[in-house]
Amino acid sequence: MSVSVFCAAVCAGLAAWLLVDRGRVLRRAELLFGGGCGSRTAGPAVMAVRARLTGLGKEWFCLPVAAVLAVWGGSVLPLGAGAVAVPLVRRRLRASERRRVAERRAEAVRGLCDVLVGELRAGAQPAEALTTAVRALLRDLSVQELALVVAAARFGGDVPEALRKAARQPGAEGLVGVAACWRVAVDGGAGLAAGVDRLRAALRAQQDQREAMRAQLAGAWSTVVVLALLPVAGLAMGWAMGADPLNVLLHTPAGLGCLVVGGLLEAMGFWWAGRIVRGGDAS
């Protein structure tokens, strides 16, 4: 029990240190780059630091939870499970963050098409219209790629190539269509506004289709979550009936065997169900 208490104290201290250290990094970014991290006037560098720190360290909360279970069950096994869960949860959080960034970037590309069509129909020159529209992507694409696009538009450079380079980032693939429209308009004399307008309609239709698919998959995701929580509900029912399932799982050979086999089956089932649902979402 003393070992478990000591490990619990170490895990709690680690979690507190991570929270304090993240706040220190944010304050340092404010001093170096200027602007408040919580304000809309924060510079791109500060916003990049905050984006990097968003979700950073959340995976380490697995250790305090494992420490509580270790003290409660009088075993160090939950601490080992918590240590194994940290890299897995970190991978999951980073994948979710990359997906959210890609979605925001895709929305910014659709916004660029809206602004570009509006500027062109208002009588602006293509280079001026693109320079105005591309600034809407300042928070969602790297400053370097934006600088290449703006410089190419202002000084007669290869605008399609700059757009294709910016489109390499996840979620910005729609810029390839803008580059194609620009190339056709410059080489063939076709209307740039009409081409970008059709591209905008196609991107909106694709997004609507994706949202409809996600709405249909919401019920499947709920089923996956419910199935994943069933073992916890079983343990709660055991405690409610006066049993001590945690002690059986952690301190008896049969319980340890059930814990290992059940954990593996639970992980495999959750992974497989999530893969099926994600496959439908990706299609």
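That block above? That's the structure.
Just so we're clear, the structure is a prediction, and the values are computed from it rather than from any experiment.

Caption draft 1: The side chain of Arg-110, seen in detail. Position of Arg-110 among the secondary structure elements: in helix α4 (residues 77-121). In this view, Arg-110 contacts Leu-203, Arg-204 and Gln-207; residues no more than four positions away in its chain are not counted.

Caption draft 2: Layout of the layout of surface pockets. The calculated volume of the largest pocket comes to roughly 2,200 Å³. Lining the largest pocket are 40 residues, with Ala-85, Leu-88, Gly-263, Glu-266 and Ala-267 positioned closest to its centre. Those elements that provide at least two residues to the lining of the largest pocket are α3 (62-73), α4, α9 (192-240), α10 (245-251) and α11 (253-282). Tallied by class, residues from the lining of the largest pocket come to 30 nonpolar, four polar and six charged.

Caption draft 3: Structural view of the packing of aromatic side chains. Taken as a whole and assessed by the stated rule, the structure comprises two aromatic pairs. On the numbers, 5.0 Å between centres and 10 degrees between planes, the contact of Trp-72 with Trp-239 is stacked. With Trp-72 in helix α3 and Trp-239 in helix α9, the pair connects residues that are 167 residues apart, well separated along the chain. On the accessibility criterion, Trp-239 (31% relative accessible area) is partly exposed. Measuring from centroid to centroid gives 5.9 Å for Trp-271 and Trp-272, while their planes differ by 45 degrees, and the two rings are tilted.

Caption draft 4: Just the pattern of salt bridges, in detail. Counted by the stated rule, this structure contains 11 salt bridges. As a salt-bridge pair, Arg-214 and Glu-103 come within 2.8 Å of each other at their nearest N and O atoms. Of this pair, Arg-214 sits in helix α9 while Glu-103 sits in helix α4, and the two are 111 residues apart along the sequence. Measuring nitrogen to oxygen at the nearest pair gives 3.3 Å for the salt bridge that ties Arg-200 to Asp-114. With a gap of 86 residues between them, Arg-200 in helix α9 and Asp-114 in helix α4 connect regions that are remote in the sequence. Several salt bridges converge on common partners, so that one network encompasses Glu-107, Arg-110, Asp-114, Arg-121, Asp-197, Arg-200 and Arg-204.

Reading guide: rules and limits
Residues numbered from 1 in each chain as written. Predicted model: local features only at pLDDT ≥ 70, side-chain atom pairs only at ≥ 80, totals over all residues. Heavy atoms only, no water. Helix = DSSP H or I, 4+ residues; strand = E, 2+ residues; numbered from the N terminus. Contact = heavy atoms within 4.5 Å. 1 Å grid on protein atoms, 1.4 Å probe; cavity = no way out; pocket = protein on both sides within 12 Å on 5 of 7 lines; lining within 4 Å. Points joined across faces, edges and corners; volume = space filled by probe spheres on them. Nonpolar A, V, L, I, M, F, W, Y, C, P; charged D, E, K, R; others polar. Phe/Tyr/Trp six-rings, centres within 6.5 Å; stacked < 30°, edge-to-face > 60°. Buried < 20%, exposed > 50% of the residue type's maximum accessible area, 1.4 Å probe, protein only. Salt bridge = Lys/Arg side-chain N within 4 Å of Asp/Glu carboxyl O.

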